[in-house]
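Residue-level structure breakdown
The lines below spell out each chain.
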Amino acid sequence: MADMPAYRSVSLLIDGAWSPAASGRTLSVVNPATGEPIGTVAHAGIDDLDRALAAAEKGLAAWRKVSPLERARVLNGAARLLRERSEDIAIQMVLEQGKMIGEARGEVERAAEACDWMAGEAQRVYGRVIPGRAGNITNLVLREPVGIVAAFTPWNFPVNQIVRKVAGALAAGCSLVVKGPEEAPGSCAELVRAFVDAGAPAGSVNLVYGTPAEISEYLVPHPLVRKISFTGSTVVGKHLAALAGKHMKLTTMELGGHAPVLVFRDADPVATARALVGNKFRNAGQSCVNPTRFLIEGDAYEPFAATFIEAAAALKPGGGLDPATTTGPLANIRRVEAMERLTADALEKGARLRTGGKRIGNAGFFFEPTVFTDVPTSAALMNEEPFGPIAMINRFDDREAAYAEANRLPYGLSAYAFTTSSLTAKEVIEKVESAMISFNHFGLGHPETPFGGMKDSGYGFEGGSEAIEPYLQTRFMTMADL
Ligand code: NAD
């Protein structure tokens with residue numbers, strides 16, 4: 001691939017300076033479209049984490065004194081730089097993560113929107129005055145930055161996962177040590193660079209990479225760290241939440257999902273199937289809000305399944321920079337192996353494979369867009385977050401059974417429903433246990449709307465007016481005039 005754009009190797013950002021790890025250690029970054037190494041990322045050790053924490057302490061002291069108006073200017077400045085640098089950041093993201101260039105550009109634009117949104121929120125943090133019980137009493141509620149935040153962000157949306165945490169924390173006046181994704185470190189570093197170049201003071205945001213468990217075991221219990229924000233799998237989230245609990249740290253946990261999609265008989269099955277194929281295979285299915293368990297009512301089932309299968313089979317897997325591509329590779333070999341395991345298990349359990357089901361070639365991490373129908377709940381796919389390009393379509397005739405299936409798993413992140421009946425929609429809201437429900441479109445994840453889960457999908461929200469809350473400490477002060 002002679003005309004492949006260059007990938008830039010990635011350093012740590014500590015105290016406003018980009019530098020290698022103290023040990024000089026690096027990890028390899030691989031292009032998922034080719035399977036070839038394209039660069040390196042610095043691997044932080046404990047020395048580097050100590051330096052990052054000292055910088056965050058200094059950064060917090062400086063940044064919390066900056067007025068909300070000025071913080072907003074920095075956040076708006078970062079948004080402007082992200083838009084100016086969008087093409088470069090998007091290309092770095094495609095090279096390291098594999099998604100299609102159009103998706104990568106959209107992700108950078110959404111990150112800019114998140115910065116603009118949080119710039120507004122920075123200026124809307126209000127305390128309050130509570131009337132005293134006597135005329136000489138003043139009661140004040142203060143809202144202050146919570147302190148140093150340790151944030152852990154994954155590889156599936158290398159820019160969008162980190163921006164929510166960095167913009168939220170900076171808007172509130174906190175400083176951060178972020179552990180970015182080792183598999184896709186470059187676009188994440190460019191996001192952080194935009195904040196630095198827009199005027200975030202040295203130490204207010206620090207960025208490290210390394211061995212995830214080593215970094216979290218050190219940062220979570222560390223006395224300087226007040227708040228943990230993690231996006232990733234439920235298994236790791238539960239582990240970190242337990243560790244944080246032991247040390248009385250505040251936490252936000254944005255974890256896995258296994259989204260049910262209820263298509264009722266009054267919805268147009270063909271139009272719905274066409275729309276859902278795009279959402280299902282976006283980012284090769286590697287999204288926590290990815291639609292996974294398609295439950296189709298009665299007569300709508302056959303036309304829905306036929307249209308969905310045909311559209312999935314027509315997708316063109318390929319490199320994200322190739323304009324002919326309509327779905328990219330998986331981000332790493334672990335996901336390909338998981339798809340192979342889940343497919344073999346589903347076949348063994350009696351599911352019907354309707355298209356796809358195999359790895360494509362042996363260069364890069366491609367897996368065919370895959371659709372199963374008639375999938376028994378004993379199949380691992382129906383229980384484990386697929387996090388890849390596999391859709392499962394089943395028919396239902398009894399609505400109560402469909403709601404029971406939607407709620408069968410311990411997840412509660414996102415659910416989708418398609419219906420023209422407001423009565424049905426109300427029933428779905430009442431019966432389906434999911435923190436986010438999207439009716440008749442795919443409407444989740446905007447900066448101005450809350451994003452988060454319930455049950456095993458975690459707690460705390462990113463996005464909306466809720467997004468700044470996790471980074472604020474409430475204090476109460478009461479004073480009597482003498
Ligand atoms: P994984 O569980 O090893 O890692 C998931 C994420 O957690 C990665 O970003 C990783 O760096 C981080 N991580 C892992 N162990 C950690 C630790 N001890 N301390 C701090 N961070 C840690 O799995 P993976 O192979 O990278 O991804 C597989 C699964 O992770 C997927 O099937 C999916 O369920 C989940 N995942 C979820 C999201 C999301 O958006 N919620 C994103 C990426 C991965």
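The rules behind the values
Residues numbered from 1 in each chain as written. Predicted model: local features only at pLDDT ≥ 70, side-chain atom pairs only at ≥ 80, totals over all residues. Heavy atoms only, no water. Helix = DSSP H or I, 4+ residues; strand = E, 2+ residues; numbered from the N terminus. Buried < 20%, exposed > 50% of the residue type's maximum accessible area, 1.4 Å probe, protein only. Pairing = 2+ DSSP bridges. Near = heavy atom within 4 Å. Polar contact = N/O pair within 3.5 Å; in protein donor to acceptor, adjacent residues only side chain to side chain. Areas by Shrake-Rupley, 256 points an atom, 1.4 Å probe, with all protein chains shown as cover. 1 Å grid on protein atoms, 1.4 Å probe; cavity = no way out; pocket = protein on both sides within 12 Å on 5 of 7 lines; lining within 4 Å. Sits in = over half its atoms within 2 Å of the grid points. Nonpolar A, V, L, I, M, F, W, Y, C, P; charged D, E, K, R; others polar. Domains from an automatic or database assignment. Points joined across faces, edges and corners; volume = space filled by probe spheres on them. Contact = heavy atoms within 4.5 Å. Buried area = accessible area lost by both parts, 1.4 Å probe. Salt bridge = Lys/Arg side-chain N within 4 Å of Asp/Glu carboxyl O. Expected span 1.5 Å × (residues − 1).

**Structural notes on unusual backbone geometry**
Phi is mostly negative for residues that are not glycine, and the peptide bonds are mostly trans. At Asp 374, a position not held by glycine, the phi torsion is positive, near 50 degrees. Note that Asp 374 resides in the loop between β17 (370–373) and β18 (390–396). With a relative accessible area of 39%, Asp 374 lands in the partly exposed category. Although it is not a glycine, Phe 387 sits at a positive phi angle of roughly 50 degrees.

**What to know about the pairing of strand β4 (residues 36–42)**
As paired elements, strand β3 (residues 26–31) and β4 share six bridges and run antiparallel to each other. Among the inter-strand pairings, Leu 27 is bridged to a residue of β4, identified as Val 41.

**Some remarks on the site of the ligand**
The ligand sits among 24 residues. The nearest are Trp 155, Ser 216, Ser 233, Arg 334 and Glu 385. Between the ligand and Pro 212 there is a distance of 3.4 Å, counted from a nitrogen atom to a backbone nitrogen or oxygen. Gly 232 is positioned with one of its backbone polar atoms (N or O) 3.3 Å from a nitrogen atom of the ligand. Coverage of the ligand by the protein amounts to 85% of the 790 Å² it exposes when considered alone. More than half of the atoms of the ligand fall within 2 Å of the grid points belonging to the largest pocket. Listing elements by their share of the shell around the ligand, those giving two or more residues are α7 (212–219), β10 (225–231), α8 (234–246) and α11 (333–348). Residue classes in the shell around the ligand are distributed as eleven nonpolar, seven polar and six charged. Here the shell around the ligand gathers at least three residues from each of two domains, domain 1 (12–255 + 458–476) and domain 2 (259–445).

**Thoughts on empty space enclosed by the protein**
Tallying each qualifying case throughout the model produces three cavities of 30 Å³ or more. Lining the largest cavity we find 14 residues, and of these Ala 114, Arg 164, Pro 447, Glu 462 and Gly 463 sit closest to its centre. When contributions to the lining of the largest cavity are tallied by element, the ones reaching two or more residues are α4 (101–122) and α5 (160–172). Sort the elements by how many residues they give to the lining of the largest cavity and α4 lands first, with four residues. For the lining of the largest cavity, the residue count by class is six nonpolar, five polar and three charged. If you add up the space inside the second largest cavity, you get close to 70 Å³. As for the second largest cavity, its lining consists of 14 residues, and the residues nearest its centre are Pro 260, Ala 406, Tyr 411, Ser 414 and Glu 433. When contributions to the lining of the second largest cavity are tallied by element, the ones reaching two or more residues are β19 (411–412) and β20 (414–418). Of the residues that constitute the lining of the second largest cavity, the class distribution is seven nonpolar, five polar and two charged.

**Notes on the domain arrangement of the chain**
Segmentation of the chain into domains returns domain 1 (12–255 + 458–476) and domain 2 (259–445). Here the C-alpha centre of domain 2 lies 31 Å away from the C-alpha centre of domain 1. Each side of the interface is counted separately: domain 1 has 24 residues, and domain 2 has 27 residues. Contact with domain 2 buries surface across domain 1, with Pro 32, Met 100 and Trp 155 losing the most and accounting together for 26% of the total. Applying the counting criterion to the domain 1 and domain 2 interface returns one salt bridge. At the boundary of domain 1 with domain 2, the tally comes to eight residue pairs in polar contact (both at pLDDT 80 or more). Those elements that provide at least two residues to the side of domain 1 that touches domain 2 are α3 (86–97) and α4. Among the elements that line the side of domain 1 that touches domain 2, the one with the most residues is α3, at four residues. Residues belonging to the side of domain 1 that touches domain 2 are distributed by class as follows: twelve nonpolar, six polar and six charged.

**Brief notes about the pattern of salt bridges**
Scanning the model with the defined rule gives 32 salt bridges in all. A salt bridge links Arg 73 to Glu 70, with the nearest nitrogen and oxygen atoms 3.1 Å apart. In this pair, Arg 73 and Glu 70 are both assigned in helix α2 (residues 68–84), three residues apart and thus about one turn of the helix distant. Taking the shortest distance from any N to any O, the salt bridge between Asp 345 and Lys 349 comes out at 2.6 Å. Because the salt bridges share partners, they merge into one network encompassing Arg 8, Asp 88, Glu 190 and Arg 193.

**As for α3**
With twelve residues, α3 should cover 16 Å at 1.5 Å per step; its first-to-last C-alpha distance of 16 Å lies within 8% of that length. Turning to α3, its buried residues are Ser 86, Ile 89, Ala 90, Ile 91, Gln 92, Met 93, Val 94, Leu 95, Glu 96 and Gln 97. Tucked inside the fold, the buried residues of α3 contact β3, β4, α2, α4 and α6 (185–197). In the segment just after α3, Gly 98 is the residue with positive phi, at about 100 degrees.

**Overview of α2**
The first and last C-alpha atoms of α2 sit 24 Å apart over 17 residues, in line with the 24 Å expected at 1.5 Å per residue. Within the sequence span of α2, burial applies to Arg 71, Ala 72, Val 74, Leu 75, Gly 77, Ala 78, Ala 79, Leu 81 and Leu 82. On its buried face, α2 sits against α1 (46–63), α3, α4, α5 and α6.

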